[in-house]
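# Architecture at a glance
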Amino acid sequence: MGNNYWIGKKVFITGINGFIGGNLCKKLVEKGANVFGLIRNHNKVTFLFNEGLSDSVVLINGELIDKDLICRIISEEQINVVYHLAAQVEVGVGMANPYLTFETNIRGTYTLLEAIRQYPTKIEATIIASSDKAYGSYPVKKMPYKEDYPLIPKFPYDTSKACADMIAQVFTNDFYNLPIIITRFSNIYGPGQLNFSALIPDSIRSALGHSKFIPRSNGSNIRDFIFVEDVIDLYIRIAEALSNDADRLSGEIFNAGTNNPISVRDLLEMVYTLVGNGNDLRELIISMQNKEPKGEIQCQYMNYDKVNKYFDWSPITNLNEGLTKTLKWYESYFTKYQKRRIHFFC
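Conventions we followed
Residues numbered from 1 in each chain as written. Predicted model: local features only at pLDDT ≥ 70, side-chain atom pairs only at ≥ 80, totals over all residues. Heavy atoms only, no water. 1 Å grid on protein atoms, 1.4 Å probe; cavity = no way out; pocket = protein on both sides within 12 Å on 5 of 7 lines; lining within 4 Å. Points joined across faces, edges and corners; volume = space filled by probe spheres on them. Helix = DSSP H or I, 4+ residues; strand = E, 2+ residues; numbered from the N terminus. Nonpolar A, V, L, I, M, F, W, Y, C, P; charged D, E, K, R; others polar. Buried < 20%, exposed > 50% of the residue type's maximum accessible area, 1.4 Å probe, protein only. Pairing = 2+ DSSP bridges. Salt bridge = Lys/Arg side-chain N within 4 Å of Asp/Glu carboxyl O.

### As for the layout of surface pockets
In this structure, the second largest pocket spans a volume of roughly 260 Å³. Lining the second largest pocket are 13 residues; nearest its centre among them are N23, K26, F47, V228 and E229. When contributions to the lining of the second largest pocket are tallied by element, the ones reaching two or more residues are α1 (19–30), α8 (228–244) and α13 (319–336). For the lining of the second largest pocket, the class distribution of residues is five nonpolar, one polar and seven charged.

### Considerations on the pairing of strand β4 (residues 81–84)
Burial along β4 is two-sided: V81 and Y83 facing one way and V82 and H84 facing the other are all buried. As paired strands, strand β1 (residues 10–14) and β4 are joined by four bridges and run parallel to one another. Along β4, the bridge assignment pairs T14 with H84.

### Topic: the pattern of salt bridges
Within the structure shown, the criterion is met by 14 salt bridges. One salt bridge connects E63 with R40, and the closest N-O pair in it is separated by 3.5 Å. One end of the pair, E63, is in the loop between β3 (58–61) and α3 (67–76); the other, R40, is in the loop between β2 (34–39) and α2 (47–50), with 23 residues separating them in the sequence. A salt bridge links R107 to E103, with the nearest nitrogen and oxygen atoms 2.8 Å apart. Residue R107 and its partner E103 are located together in helix α5 (residues 98–118), separated by four residues, close to a single helical turn. Take R107: its relative accessible area is 30%, and that puts it in the partly exposed class.

See below:
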């Protein structure tokens, strides 16, 4: 599809004030789209505000579970493309507060989809951002995850994403026939990720000396990390293709990762080495010994065979390159907010 597809398109992003939503918003604005975003509060210490994007989009205050509000947005703004990125994403919060996680991730999803069902006239594509954790725990010999694997989640966050995925597929059947694709990506990282409970921003902040890294495991967990710019490119391609060929693509599930898994310990060594902080790294490795993970799947990673087949996509940023770009962004960010340290310590 030509580069003019996005000019004038009305795009609704839930979770626009988050890490991925902000990066997606930036790319869509560059492409000429009219972007609308749902936000719960005006937290301005985010990628969206840090990059000066807030003045280029329409921000709407409200809750995702407010059905009347979501219906008004879809119908009155005549939305063409929806990216559903809003979620309660923290595994620890899910364990501590499953109700909040289920309300946000399950009820929030079916509220949005019901609004689209009621006002589908202008909708060309809906992308539901799920997670690799929806699959649950499989043995290492079954890795990487395949799209046709049964979902066997165990923990609250994982279960909430699996439930939302199954609900989304209901709306793609012959009765409702809505243009929906579900994406399950590995761990996304890169500039703008200000959720410091996530591994990479937490470790970079600590390696730079702005906090102390508190390990949650012995570092043996295996994960796959994919750079945000590669993810945004894929999100763009998926929406374009779905709008052009919904009969073939609606209801499909697409995994994406790098198929190059790494242990948490090895990732931490990469981060601290890039920063040049060997002293803290040695202390950290010692503190991780005999620390068993709780509420975490041991091994998760993905390949990109299906998305490559359908969309001619593959990740182009290796981990070392991505971490170098990400570190540079954080160094600039911390310098900018040095007088407002409370924001990046929380």
